[in-house]
Structures are given as structure tokens and as C-alpha cells.
Amino acid sequence: RSPDGKVEGYQGIIRDITDRKVAEEVQKRLIATLEGTTDYVGFAAPDGRLLHINKAGRAMLGLGQDEDIAKLKMSDWHPEWTKRLLLEEGMPAAIRDGVWKDEIAFLHRDGHEIPISMVLLAHRGPDGEVEFFSSISRDISERIQLQDQLLHAQKMEAVGRLAGGVAHDFNNLLVA
């Protein structure tokens, strides 16, 4: 303002927020993808406390969509044999190599085991320390059931061939 109070000009600061807006859009898309997938996607602190489980993961474990998971641990949702495998092999391999993959099991809230194919990732911060683990898991119950059916069918086919061979040999004896 001039000495007599008239506005002589304006002064301001302008910031380009294009990068922030692009990052926010990418974040929205990633969240929509995480929440929309049919696979379990979860995050846990280095001490095993659960930080987040997507909608499909909550349904897989029998957790309510709005249920607080802050006091739950990753190990609460695995049978004993899986806990040992994760502690002895999975987490050390993820920490060492960044990733670990195997077929293990979740423990549903009602107590039944759910066979899964799991990828466990260790995410490091700038200081090199593990900041959190992420897990992507797929229910493989149907695949295992189909494998069992195929194995049963193969066994029945082998028994059929054996019986056919025995019947053929027996028929040859009778003809003679």
C-alpha cells in the first residue's frame, strides 16, 4: 500500500502442486487395486503386529470389515506348523533376500485351515532396517481339491489297466 493507503500491488507465493496431485491419483489407484483384489493383502510391523488387511483378506480370515486389528499379530492367523515355518524360514529369507514364497496355511477364525500360496516381502527404510512386511496370499483350496481328484482318477485308471491286463491273460488261459 502507498502511504495514503492505496493498493499499489500484490505479492504472493505460488507453488506447483502437479507432482502432489499425480501422486495422490496414483495412491488412489493403488488403494482401489489393493481393496479390489480377491487375494489377501496385508501389512505387518517387524514385531508381527498387523497394520492393515484388505477386504478379501479379512473375509478369508473371518474378520469383520470394520474390526480393529491393532492388537492382532500375524502369528494369530497361522496354524502351529506354519508359524514355525514362517519364523524359521520365511521371515529370515524375506529379511535376507527381500522376498520369500511358499505354500502354507492361514487359520480361519473358526479354526479350519486354509491352504494358501504366500509371497512375503520385507520392506526396508532408508537406514536399511526392515520397516514393515507385506504379504500377498491366494487361497489354493480349489487347486488342491482338483489335484486330489486328478490323482484319484489316475489311480483308478491304473487299477483299470491292471484289471484289464489280468482279464486278458486269464482269457488267454481259458482259450488254451
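Before reading on, note that the structure itself is shown above.
Let us look at the structure shown here. (Residues numbered from 1 in each chain as written. Predicted model: local features only at pLDDT ≥ 70, side-chain atom pairs only at ≥ 80, totals over all residues. Heavy atoms only, no water.)

## Comments concerning the overall build of the protein chain
And step 1. For the protein chain, the count of helices and strands is four helices and five strands.
And step 2. Sequence-ordered secondary structure for the protein chain, helices as α and strands as β, is α-β-β-α-α-β-β-β-α.
And step 3. Here the C-alpha atoms of the protein chain give a radius of gyration of 29 Å, more than 25% beyond the 16 Å that 2.2 N^0.38 yields for 176 residues.
And step 4. Taken along its principal axes, the extent of the C-alpha atoms in the protein chain is 130 × 35 × 30 Å.
And step 5. Counting only residues that meet the buried cut, the protein chain has 27% of its 176 residues in that class.
And step 6. Entry remark: accessible area of the protein chain is about 12,500 Å², with carbon and sulfur atoms responsible for 57%.
And step 7. Of the side chains in the protein chain, 22 bear a positive and 29 a negative charge, and the two mean positions are spaced by 5 Å. (Helix = DSSP H or I, 4+ residues; strand = E, 2+ residues; numbered from the N terminus. Rg over C-alpha atoms; globule rule 2.2 N^0.38 Å. Buried < 20%, exposed > 50% of the residue type's maximum accessible area, 1.4 Å probe, protein only. Areas by Shrake-Rupley, 256 points an atom, 1.4 Å probe, with all protein chains shown as cover. Lys, Arg positive; Asp, Glu negative; His and termini not counted. Charge placed at Lys NZ, Arg CZ, Asp CG, Glu CD.)

## Examining the pattern of salt bridges
And step 1. Within this structure, the stated rule accounts for eight salt bridges.
And step 2. In this structure, Glu24 engages Arg20 in a salt bridge whose closest nitrogen and oxygen atoms are separated by 3.4 Å. Of this pair, Glu24 and Arg20 both sit in helix α1 (residues 18-36), four residues apart, roughly one helical turn.
And step 3. Classification of Arg20 as partly exposed rests on a relative accessible area of 46%.
And step 4. Put simply, Arg20, Lys21 and Glu24 are held in one network by salt bridges that share partners. (Salt bridge = Lys/Arg side-chain N within 4 Å of Asp/Glu carboxyl O.)

## Points about the layout of surface pockets
And step 1. Each pocket or cavity is described by its volume, and for the largest pocket that value is around 150 Å³.
And step 2. Taken together, Pro46, Asp47, Gly48, Lys73, Met74, Ser75, His78, Lys83, Leu86, Leu87 and Met91 form the lining of the largest pocket. (1 Å grid on protein atoms, 1.4 Å probe; cavity = no way out; pocket = protein on both sides within 12 Å on 5 of 7 lines; lining within 4 Å. Points joined across faces, edges and corners; volume = space filled by probe spheres on them.)

## Section: the pairing of strand β2 (residues 50-53)
And step 1. Examined bridge by bridge, strand β1 (residues 40-44) and β2 share three bridges and lie antiparallel to one another. Bridge pairing in β2 places Gly42 opposite Ile53.
And step 2. Linking β1 to β2, which pair antiparallel, is a turn of five residues; within it Gly48 sits at a positive phi near 95 degrees. (Pairing = 2+ DSSP bridges.)

## Some words on the sheet that holds strand β5 (residues 130-139)
And step 1. Ordered by their spatial adjacency, five strands build an open sheet running β2-β1-β5-β4-β3, and the pairing between neighbours is antiparallel. Sheet topology places β2 and β3 (99-107) at the edges, where each strand pairs with a single neighbour. Within the sheet, the average angular offset between the axes of one strand and its neighbour, ignoring direction, is 25 degrees.
And step 2. Where helix α3 (residues 80-97) meets the sheet, its contacts fall on β3, β4 (113-124) and β5, and the angle it forms with β3 comes to roughly 155 degrees. (Axes fitted to C-alpha atoms, helices over the stretch in contact; angles between N-to-C directions. Contact = heavy atoms within 4.5 Å.)

## Description of the packing of aromatic side chains
And step 1. Evaluated as defined, the whole model comprises two aromatic pairs.
And step 2. A ring pair is formed by Tyr40 and Phe106, whose centres lie 4.7 Å apart and whose planes are at 50 degrees; its orientation type is tilted. Residue Tyr40 is located in strand β1, and its partner Phe106 is located in strand β3; the two are separated by 66 residues in the primary sequence.
And step 3. For Tyr40, a relative accessible area of 4% corresponds to the buried category. (Phe/Tyr/Trp six-rings, centres within 6.5 Å; stacked < 30°, edge-to-face > 60°.)

## A closer look at empty space enclosed by the protein
And step 1. Per the counting criterion, the structure on display carries two cavities of 30 Å³ or more.
And step 2. Reported here for the largest cavity is a volume of approximately 40 Å³.
And step 3. For the largest cavity, the full set of lining residues is Tyr40, Leu61, Met74, Trp77, His78, Phe106, Met118 and Ser135.
And step 4. By volume, the second largest cavity is sized at about 30 Å³.
And step 5. Lining the second largest cavity, in full, are Tyr40, Gly42, Phe43, Ala44, Leu50, Met74, Phe133, Ser134 and Ser135.
And step 6. Sorting the residues of the lining of the second largest cavity by element identifies β1 and β5 as the ones contributing at least two each.
And step 7. When grouped by side-chain class, the residues that make up the lining of the second largest cavity number six nonpolar, three polar and no charged. (Nonpolar A, V, L, I, M, F, W, Y, C, P; charged D, E, K, R; others polar.)

Shape is all these values report; function is a separate question.
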